[in-house]
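Coordinate analysis (summary)
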Amino acid sequence: NAGVTQTPKFQVLKTGQSMTLQCAQDMNHEYMSWYRQDPGMGLRLIHYSVGAGITDQGEVPNGYNVSRSTTEDFPLRLLSAAPSQTSVYFCASSYSAGRTQYFGPGTRLLVL
Amino acid sequence: KNEVEQSPQNLTAQEGEFITINCSYSVGISALHWLQQHPGGGIVSLFMLSSGKKKHGRLIATINIQEKHSSLHITASHPRDSAVYICAVNTDKLIFGTGTRLQVFP
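No experiment lies behind these values; they were computed from the predicted model shown.

About the thresholds
Residues numbered from 1 in each chain as written. Chains lettered and ligands numbered in written order. Predicted model: local features only at pLDDT ≥ 70, side-chain atom pairs only at ≥ 80, totals over all residues. Heavy atoms only, no water. Helix = DSSP H or I, 4+ residues; strand = E, 2+ residues; numbered from the N terminus. Rg over C-alpha atoms; globule rule 2.2 N^0.38 Å. Buried < 20%, exposed > 50% of the residue type's maximum accessible area, 1.4 Å probe, protein only. Contact = heavy atoms within 4.5 Å. Areas by Shrake-Rupley, 256 points an atom, 1.4 Å probe, with all protein chains shown as cover. Lys, Arg positive; Asp, Glu negative; His and termini not counted. Charge placed at Lys NZ, Arg CZ, Asp CG, Glu CD. 1 Å grid on protein atoms, 1.4 Å probe; cavity = no way out; pocket = protein on both sides within 12 Å on 5 of 7 lines; lining within 4 Å. Points joined across faces, edges and corners; volume = space filled by probe spheres on them. Disulfide = S-S within 2.5 Å. Buried area = accessible area lost by both parts, 1.4 Å probe. Salt bridge = Lys/Arg side-chain N within 4 Å of Asp/Glu carboxyl O. Polar contact = N/O pair within 3.5 Å; in protein donor to acceptor, adjacent residues only side chain to side chain. Pairing = 2+ DSSP bridges. Axes fitted to C-alpha atoms, helices over the stretch in contact; angles between N-to-C directions. Core = buried A, V, L, I, M, F, W, Y, C linked by side-chain atoms within 4.5 Å.

To continue, consider the overall build of chain A. When you go through chain A residue by residue, the secondary structure sums to 0 helices and 11 strands. Along the chain direction, N to C, the helices and strands of chain A fall in the order β-β-β-β-β-β-β-β-β-β-β. Taken over the C-alpha trace, chain A has a radius of gyration of 13 Å; the compact-globule value for 112 residues is 13 Å, and the two agree within 12%. Put simply, chain A has 112 residues, and 47% of those count as buried. Expressed as a percentage of contacts within chain A between residues at least 6 apart in sequence, the contacts between residues at least 24 apart total 53%. Total accessible area computed for chain A in this model is approximately 5200 Å², and 51% of it derives from carbon and sulfur atoms. Of note, chain A has its 8 positive side-chain charges centred 9 Å away from the centre of its 7 negative side-chain charges.

In structure tokens:
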């Protein structure tokens, strides 16, 4: 099993550009989530999904969209990148919200 | 005030020392997680516990629900234990602490 995969590993964007961060898992997990990690702060939940076709907002959803058309994939879209979105983004999956989380390797995003 | 507080923020140890990292929380929880983040950035789940104690190799995690406190212990620490250790609690979502950076020197 590949576990949780994320692409790209690193991305530089200009302010106003859009992009999609990809996340996929092969463990048949229903619960998937996106976090951002900033210096001096704990991981913060952006969006999550409890199954295909169901998504909901987390703590810091503004500027991000998600969709969940399949159990395996949970892409995160930045609509119009801003410097405040410079961060490291982690995707995670688990059988349910309260169970052990499996994290992807992260995407480091720099917005200029 | 953060809902999850970890101490210390930074910890330096000599190889072989016994390490303790603390986590206190202020909300009602269903479970608590300990995670490890290596310098390369990857995050791995170490423990999930809702009561008592769990042990895996040289790692021991304990939780006291009444006191809203958990500890992560590392026995016979080794340089490969150098990492950031993160506490997270389950409410209706996961709330993360800011992590404890551990460096173990030979």
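Now, onward.
The next thing to look at is the layout of surface pockets. Over the atoms, a rolling probe the size of a water molecule traces out where space has been left empty. One number sums up the size of the largest pocket: a volume of about 830 Å³. Residue lining of the largest pocket: 38 residues in total, with Gln37(A), Pro39(A), Gln37(B), Val84(B) and Arg101(B) positioned closest to the centre. Of all the secondary structure elements, the ones that give two or more residues to the lining of the largest pocket are β9 (87-94) and β11 (107-111) of chain A together with β9 (83-90) and β11 (100-105) of chain B. Empty space within the second largest pocket amounts to approximately 280 Å³. Only β5 (44-51) of chain A together with β10 (94-96) of chain B provide two or more residues apiece to the lining of the second largest pocket. Considering each element in turn, the lining of the second largest pocket owes the most residues, 3 residues, to β10(B).

On to the state of the cysteines, then. Summed over all chains, the structure comprises 2 disulfides over all chains. One disulfide in the model links Cys23(A) with Cys91(A); its S-S distance is 1.8 Å. Handedness here is read from the sign of the S-S torsion; for Cys23(A) and Cys91(A), about -65°, the answer is left-handed. Taken together, the residues span a long stretch of sequence, with Cys23(A) in strand β3 (residues 19-25) and Cys91(A) in strand β9 at a distance of 68 residues. Classification of Cys23(A) by relative accessible area gives buried; the value is 1%. Covalently, Cys23(B) is tied to Cys87(B) through a disulfide, its sulfur atoms 2.0 Å apart. Across the S-S bond of Cys23(B) and Cys87(B) the torsion is about -60°, and the bridge reads as left-handed. One end of the pair, Cys23(B), is in strand β3 (residues 19-25); the other, Cys87(B), is in strand β9, with 64 residues separating them in the sequence. The pair formed by Cys23(B) and Cys87(B) is uniform in burial state, with each residue classed as buried.

Listed as interface residues are 14 residues of chain B and, on the opposing side, 14 residues of chain A. Taken over both partners, the interface formed by chain B and chain A buries close to 1200 Å², and the fraction arising from carbon and sulfur atoms is 64%. Run the count over chain B and chain A and you get 0 salt bridges. Inspection of the chain B/chain A interface yields 2 residue pairs in polar contact (both at pLDDT 80 or more).

Time to look at the sheet that holds strand β7 (residues 64-66) of chain A. Residue and element names in this part refer to chain A. Read across the open sheet, the 4 strands follow the order β1-β3-β8-β7; overall the sheet is antiparallel. Both edges of this open sheet fall to β1 (4-7) and β7, since each of them pairs with a single strand only. Pairwise comparison of adjacent strand axes, ignoring direction, gives a mean angle of 20° for this sheet. Of the strand pairs in this sheet, β7 and strand β8 (residues 76-78) are connected by 3 bridges, and their pairing is antiparallel. Each bridged residue has a counterpart across the sheet, and for Tyr-64 the counterpart in β8 is Leu-78.

On to the nonpolar core, then. Note that soluble globular proteins tend to have their nonpolar side chains buried in a common cluster. One finds Leu32(B) and Trp34(B) to be the most contacted residues of the largest nonpolar core, which totals 23 residues. Among the elements of the structure, β3, β4 (31-37), β5 (43-49), β7 (59-64), β8 (69-74), β9 and β11 of chain B are those that each provide at least two residues to this core. Counting 20 residues, the second-largest nonpolar core is a separate cluster that includes Met27(A), Tyr89(A), Cys91(A) and Leu109(A).

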